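Coordinates in review
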Amino acid sequence: AQSVTQPDIHITVSEGASLELRCNYSYGATPYLFWYVQSPGQGLQLLLKYFSGDTLVQGIKGFEAEFKRSQSSFNLRKPSVHWSDAAEYFCAVGALTGGGNKLTFGTGTQLKVEL
Amino acid sequence: KAGVTQTPRYLIKTRGQQVTLSCSPISGHRSVSWYQQTPGQGLQFLFEYFSETQRNKGNFPGRFSGRQFSNSRSEMNVSTLELGDSALYLCASSEEAGVRFFGPGTRLTVL
């Protein structure tokens, strides 16, 4: 069964500082990996995705993530955090199963940005 | 293109009632999936529909059901509501496979 672990429940960074959110996955084949962001009371917005190819993927809002198969990780990074980045971040792994697919999400990391 | 829309955005029901939530996918998307989000359990997959057929189902009781219409719009129904069904219900659409685009969700409160 597929699973996702986000070991950090809460992270606080200062505005302008760099950010790394950790994500580890368990999946039997090449995974489809995603990062989503959720602001309070809102749905999920896709930040970036990895399907295949270049292991460093760029997303929206200046985010990037690196797929490391040997470590089963897909960590999200941003070189300089803005106050508007405060939100909850979810890593997800997808699969194609029996002609369909579903996403399995991690428990999320709540990001707080100090001004 | 317009994004995924969900109606209603907020809903209050009492235990034992039933509820129907609606989701309109992005134009051209034929896959619609539903997720339940709660503080305790996080985001959990309910089911997925593609071309009016359910092709994936999560681990939820039979009180949770859904359907998809020929225009790809989807509804989910929860019968005999329980307090624990209070949650944010998210709908997501995609082409046949791959990236899911999420709607704003329906906040269901069961009293």
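Now for a description of the structure that goes with this document.

Bringing the overall build of chain A into the picture now. Summing up its helical and strand segments, chain A has 0 helices and 12 strands in all. When the helices and strands of chain A are placed in sequence order, the string is β-β-β-β-β-β-β-β-β-β-β-β. For chain A, whose C-alpha radius of gyration is 14 Å, the value lies close to the compact-globule estimate of 13 Å for 115 residues. Viewed in the frame of its principal axes, chain A has a C-alpha envelope of about 45 × 30 × 25 Å. Residues classed as buried in chain A amount to 46% of the 115 residues present. If you take every contact in chain A between residues at least 6 apart in sequence, the share linking residues at least 24 apart comes to 55%. Each charge class in chain A can be summarised by its mean position, and for the 9 positive and 9 negative side chains these summaries are 7 Å apart.

All names here are of chain A. Counting residues in hydrophobic clusters, the biggest one holds 26 residues, and the most contacted among them are Leu19, Trp35, Leu47, Leu48, Phe74, Leu76 and Tyr89. Looking at this core, the element that brings in the most residues is strand β10 (residues 87-97), giving 4 residues. Apart from the residues lying within four places of it in its own chain, the contact partners of Tyr89 are Gln6, Leu21, Trp35, Tyr36, Val37, Leu47, Phe63, Leu76, Gly108, Thr109 and Leu111.

Residues and elements named next belong to chain B. Here Gln36 lies in strand β4 (residues 31-38). In terms of polar contacts, Gln36 uses its side chain to reach the side chain of Tyr89, at 3.0 Å. Look past the residues within four positions of Gln36 in its chain and what remains in contact with it is Gly42, Leu43, Gln44, Leu46, Phe60, Phe64, Gly84, Asp85, Ala87, Leu88 and Tyr89.

In this structure the tally under the stated criterion is 2 disulfides over all chains. Paired by a disulfide, A:Cys23 and A:Cys91 hold their sulfur atoms 2.0 Å apart. Of note, the bridge from A:Cys23 to A:Cys91 carries an S-S torsion of about -65° and is left-handed in sense. Of the two residues, A:Cys23 is situated in the loop between β3 (19-21) and β4 (24-26) and A:Cys91 in strand β10; the sequence distance between them amounts to 68 residues. Both residues of the pair, A:Cys23 and A:Cys91, belong to the buried class. Between the sulfur of B:Cys23 and that of B:Cys91 lies a disulfide, 1.7 Å long from S to S. The disulfide joining B:Cys23 to B:Cys91 has a torsion of about -55° about its S-S bond and is therefore left-handed.

Turning our attention to the environment of B:Gly103. Here B:Gly103 is to be found in the loop between β10 (101-102) and β11 (106-110). On the accessibility criterion, B:Gly103 (3% relative accessible area) is buried. For the pair B:Gly103 and B:Pro39, spaced 64 residues apart in sequence, the C-alpha to C-alpha distance is 19 Å. What B:Gly103 contacts, discounting residues up to four positions off in sequence, is A:Gly43, A:Leu44, B:Val4, B:Gln6, B:Leu90 and B:Cys91.

Residues and elements named next belong to chain B. Spatial strand order, β1-β3-β8-β7: 4 strands in an open sheet with antiparallel pairing. The strands lining the two open edges of the sheet, one partner per strand, are β1 (5-7) and β7 (64-68). Taken pair by pair, the neighbouring strands of this sheet meet at an average axis angle of 20°, ignoring direction.

This part takes up the pairing of strand β5 (residues 42-50) of chain B. The two faces of a sheet get side chains in turn, since along a regular strand they alternate between them. Residue and element names in this part refer to chain B. For β5, the buried fraction is high: 8 of the 9 residues fall into the buried class. In terms of strand pairing, β4 meets β5 through 8 bridges, oriented antiparallel. Within β5, the residue paired with Val32 across the bridge is Tyr49. A loop of 3 residues connects β4 with β5, the two strands running antiparallel in sequence. Where β5 and strand β6 (residues 53-57) come together, 4 bridges link them in antiparallel fashion. Within β6, the residue paired with Tyr49 across the bridge is Gln54. As consecutive antiparallel partners, β5 and β6 are separated by 2 residues, and within that stretch Ser51 has a phi angle of approximately 50°, a positive value.

Criteria and cut-off values
- Residues numbered from 1 in each chain as written.
- Chains lettered and ligands numbered in written order.
- Predicted model: local features only at pLDDT ≥ 70, side-chain atom pairs only at ≥ 80, totals over all residues.
- Heavy atoms only, no water.
- Helix = DSSP H or I, 4+ residues; strand = E, 2+ residues; numbered from the N terminus.
- Rg over C-alpha atoms; globule rule 2.2 N^0.38 Å.
- Buried < 20%, exposed > 50% of the residue type's maximum accessible area, 1.4 Å probe, protein only.
- Contact = heavy atoms within 4.5 Å.
- Lys, Arg positive; Asp, Glu negative; His and termini not counted.
- Charge placed at Lys NZ, Arg CZ, Asp CG, Glu CD.
- Core = buried A, V, L, I, M, F, W, Y, C linked by side-chain atoms within 4.5 Å.
- Polar contact = N/O pair within 3.5 Å; in protein donor to acceptor, adjacent residues only side chain to side chain.
- Disulfide = S-S within 2.5 Å.
- Pairing = 2+ DSSP bridges.
- Axes fitted to C-alpha atoms, helices over the stretch in contact; angles between N-to-C directions.

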